[in-house]
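Read off the chains here:
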Amino acid sequence: MKVALGERGPAWWTDGAPDINRHMVRNTPYAEWFKTLQVCEHDT
């Protein structure tokens, strides 16, 4: 049972959405969106 922030445990939602936490973005449904993001100069 999760009792504090940062603790890992089973997904708490029940809407049928997959638990993609701790997956590389390229292996998620967000991969195409992520490729469109621009890198800021201060992030390099």
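Scroll up for the structure.
Residues numbered from 1 in each chain as written. Predicted model: local features only at pLDDT ≥ 70, side-chain atom pairs only at ≥ 80, totals over all residues. Heavy atoms only, no water.

Draft legend 1. Highlighting the overall build of the chain. Across its full length, the chain holds 1 helix and 0 strands. Within the chain, buried positions represent 5% of all 44 residues. In the structure as shown, the chain presents an accessible area of about 4,700 Å², 57% of it carried by carbon and sulfur atoms. (Helix = DSSP H or I, 4+ residues; strand = E, 2+ residues; numbered from the N terminus. Buried < 20%, exposed > 50% of the residue type's maximum accessible area, 1.4 Å probe, protein only. Areas by Shrake-Rupley, 256 points an atom, 1.4 Å probe, with all protein chains shown as cover.)

Draft legend 2. Here's a closer look at the pattern of salt bridges. Scanning the model with the defined rule gives 1 salt bridge in all. With a shortest N-O distance of 3.1 Å, Lys-35 and Glu-32 are connected by a salt bridge. Here Lys-35 pairs with Glu-32, and both are found in helix 1 (residues 31-35), just 3 residues apart, close to one helical turn. Residue class for Glu-32 comes out exposed when judged on its relative accessible area of 54%. (Salt bridge = Lys/Arg side-chain N within 4 Å of Asp/Glu carboxyl O.)

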